[in-house]
2 protein chains.
Amino acid sequence: MCKPGVSDGNGAIPESTTNGFNSFGQDDHGRSYPDSGTNVYCRPQASLSPSPMSLIPSSQPFPGSYNFQFEFGKQPKDTKSTAWTFSDMTNKLYAQKDAMCPVRFRIDCDGVANGLYIRALPIYSRPEHVQDVVKRCPNHIQAPESANIPHREHFIWCENQGARYVTDSSTGRCAVIAPYDAPPAGTSWVTYLFSFKCLNSCVGGPNRREMSIIYTLENSNQEVLGRLSIDLRICACPGERPEIRRR
Amino acid sequence: MCKPGVSDGNGAIPESTTNGFNSFGQDDHGRSYPDSGTNVYCRPQASLSPSPMSLIPSSQPFPGSYNFQFEFGKQPKDTKSTAWTFSDMTNKLYAQKDAMCPVRFRIDCDGVANGLYIRALPIYSRPEHVQDVVKRCPNHIQAPESANIPHREHFIWCENQGARYVTDSSTGRCAVIAPYDAPPAGTSWVTYLFSFKCLNSCVGGPNRREMSIIYTLENSNQEVLGRLSIDLRICACPGERPEIRRR
DNA sequence: GCACAAGTGC
DNA sequence: GCACTTGTGC
Ligand SMILES: [Zn+2]
Ligand SMILES: [Zn+2]
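Residues numbered from 1 in each chain as written. Chains lettered and ligands numbered in written order. Predicted model: local features only at pLDDT ≥ 70, side-chain atom pairs only at ≥ 80, totals over all residues. Heavy atoms only, no water.

1. Describing the overall build of chain A
Step number 1: Helices and strands together make up the secondary structure of chain A, namely 1 helix and 11 strands.
Step number 2: In chain A, the succession of helices and strands from N to C terminus is β-β-β-β-β-α-β-β-β-β-β-β.
Step number 3: Counting every position in chain A, which comprises 247 residues, the buried fraction comes to 49%.
Step number 4: Across chain A, every contact between residues at least 6 apart in sequence was considered, and the portion connecting residues at least 24 apart equals 70%.
Step number 5: Approximately 11600 Å² of chain A is accessible, and the part contributed by carbon and sulfur atoms is 49%. (Helix = DSSP H or I, 4+ residues; strand = E, 2+ residues; numbered from the N terminus. Buried < 20%, exposed > 50% of the residue type's maximum accessible area, 1.4 Å probe, protein only. Contact = heavy atoms within 4.5 Å. Areas by Shrake-Rupley, 256 points an atom, 1.4 Å probe, with all protein chains shown as cover.)

2. A short note on the coordination of the zinc ion (ligand 1)
Residues and elements named next belong to chain A.
Step number 1: Surrounding the zinc ion (ligand 1) are the protein donor atoms Cys137 (SG), His140 (ND1), Cys198 (SG) and Cys202 (SG), which sit 1.9 to 2.3 Å from the metal.
Step number 2: Positions of the donor residues of the zinc ion (ligand 1) along the chain correspond to the pattern C-x2-H-x57-C-x3-C. Placement of the pair is Cys137 in the loop between β5 (116-124) and α1 (138-142) and Cys198 in the loop between β9 (190-196) and β10 (211-219), with a sequence separation of 61 residues. The same class applies to Cys137 and to Cys198, which are both buried. (Donors = N, O, S within 2.8 Å, 3.2 Å for Na, K, Ca; no water.)

3. Some thoughts on the packing of aromatic side chains
Geometrically, a pair of aromatic rings is defined through the distance of the ring centres and the angle of the planes.
Step number 1: The final tally for this structure, using the stated rule, is 20 aromatic pairs over all chains.
Step number 2: Both rings, one in B:Tyr192 and one in B:Phe194, keep their centres 6.4 Å apart while their planes meet at 25°; by these two values the pair is stacked. Each member of the pair, B:Tyr192 together with B:Phe194, is buried.
Step number 3: Geometrically, the ring pair formed by B:Phe194 and B:Tyr215 is tilted, given 5.1 Å between the ring centres and 55° between the ring planes. Of this pair, B:Phe194 sits in strand β9 (residues 190-196) while B:Tyr215 sits in strand β10 (residues 211-219), and the two are 21 residues apart along the sequence. Each member of the pair, B:Phe194 as well as B:Tyr215, is classed as buried.
Step number 4: Connected via pairs of aromatic rings, a cluster forms that spans A:Phe68, A:Phe105, A:Tyr192, A:Phe194 and A:Tyr215.
Step number 5: Residue placement shows A:Lys197 over the ring face of A:Trp157; its charged tip is 4.1 Å from the ring centre. (Phe/Tyr/Trp six-rings, centres within 6.5 Å; stacked < 30°, edge-to-face > 60°. Lys NZ or Arg CZ within 6 Å of the ring centre and 35° of its normal.)

4. Considering the UniProt feature "binding site: Zn(2+)" (unreviewed entry) in chain A
Residue and element names in this part refer to chain A.
Step number 1: Per the UniProt record, "binding site: Zn(2+)" (unreviewed entry) is annotated on Cys137, His140, Cys198 and Cys202. Sequence-wise these annotated residues cover 66 residues; spatially they are packed, their C-alpha atoms never more than 8.8 Å apart.
Step number 2: A residue is classified by how much of its surface remains accessible, and Cys198, at 0% relative accessible area, is buried.
Step number 3: Cys198 has contacts with Lys97, Arg136, Cys137, His140, Phe155, Pro206 and Ile234, leaving out every residue within four places of it along the chain.
Step number 4: Here Cys202 shows up in the loop between β9 and β10.
Step number 5: Of the residues examined, Cys202 reaches a relative accessible area of 3% and is grouped as buried. (UniProt positions renumbered as here; feature names shortened; annotations may be inferred.)

5. Regarding the pairing of strand β8 (residues 174-179) of chain B
Residues and elements named next belong to chain B.
Step number 1: Among the 6 residues of β8, 5 are classified as buried, and the element is accordingly described as predominantly covered.
Step number 2: As defined by bridge partners, strand β5 (residues 116-124) adjoins β8 across 4 bridges and the pair is classed as antiparallel. The residue bridging Ile118 from the neighbouring strand is Ala178, located in β8.
Step number 3: Note: strand β7 (residues 164-167) against β8, 4 bridges, orientation antiparallel. By the bridge assignment for β8, Arg164 is matched with Ile177. (Pairing = 2+ DSSP bridges.)

Have a look at this one:
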């Protein structure tokens, strides 16, 4: 079994968990809601006293000793109606809501990687919103097809066996953790299927705020061994790059 | 005290209640939800077997023996940014969400009208949707300013003293009932303030479906003594008639 | 895949 | 009050 040392990639103390941060939302659920005032859908205001950087999850990528890497599986079609597309140029994933997006990970490992995990955590990438917890909008949480699903409030779902949905009790951040499986014979890449359960535009949820996914490679003590960050846009037409849209 | 006889205006048996109808929604809440399929915001389908007319609330106006009538108070401003405007031409109220709309009612009554009530019930006016219960969208129900408000699921609110929010136990229809007060000295019109707590476009709620308000004059036995119907459109810019909108 | 609808930022 | 954004119907 291979086990390189824990590193943190920021030259600081290794995080014993990815959850060492706080969120400052508009309400108990850290969400922005429509019409806090009369008839105005408003975005959450930046908190008056900005939260210390340490309270915000790090999105600083670092391969770490395991040389943690990702790539995307082949996209279904290359037309404008594709369910998802990843731009290497911008490091941004465009996907429809609920589309299964195959993300492959690999690590440098001579033997069997045991007790390793992939954590997927969504964040708002803009500093004004990064302190807010990414949650689904009430409309989608309450939708019948999410009824009785325990993780229905989670924005990122992972279809892999063994995926575990966690909500940090102090911050309210929702993440999904899947065991890092051994790659199939003949490759070092392991595929994970992620889907995203709100649109970027969902009122009462993401509410048009730009997002990123933070993928961390962790050991069973939740020590971060490597980190990746991917920008994310969930929309009806991921095949249409925003700049191409006709006026 | 004046008390003309109960009439029904349809030449049929008087309704002993406005609630003698059923709703056939998409789910337990009679609502349309986003993405019943993958990534498609869909409207509710018309039920395969159309509901009998008797199960749908009547919106047939009739003044009745009391000569039940309405008019609108003076609108705040006549600019495009008005909070509400009523078109006599089309019998349609255009209003912003949460805007207080003053509706005046009058009845022919020589003495003191006692034990009379005004009921306001919202319906979807198109036959495809009339069987669905009008409720607020989950986003607005869950919004912090609606927390702890018992009638937060109601689409129509009435600000008058004595307003009572009722939900029919068999149909799930939500209505608000206010006592018919004596008009102030010098007029026969009594003013009621109504507000509408979702946009016409609210996903998971009205979801772009056209609506009407049914106002009924009732006695304390919920017998209908008169009925009025007003078409309704709740939107961000009620001052802009839909036809005027620039392309 | 286009044209429309309609809430939002500014 | 305009222009833009972006989900939706067709
Ligand atoms: Zn959503
Ligand atoms: Zn609403």
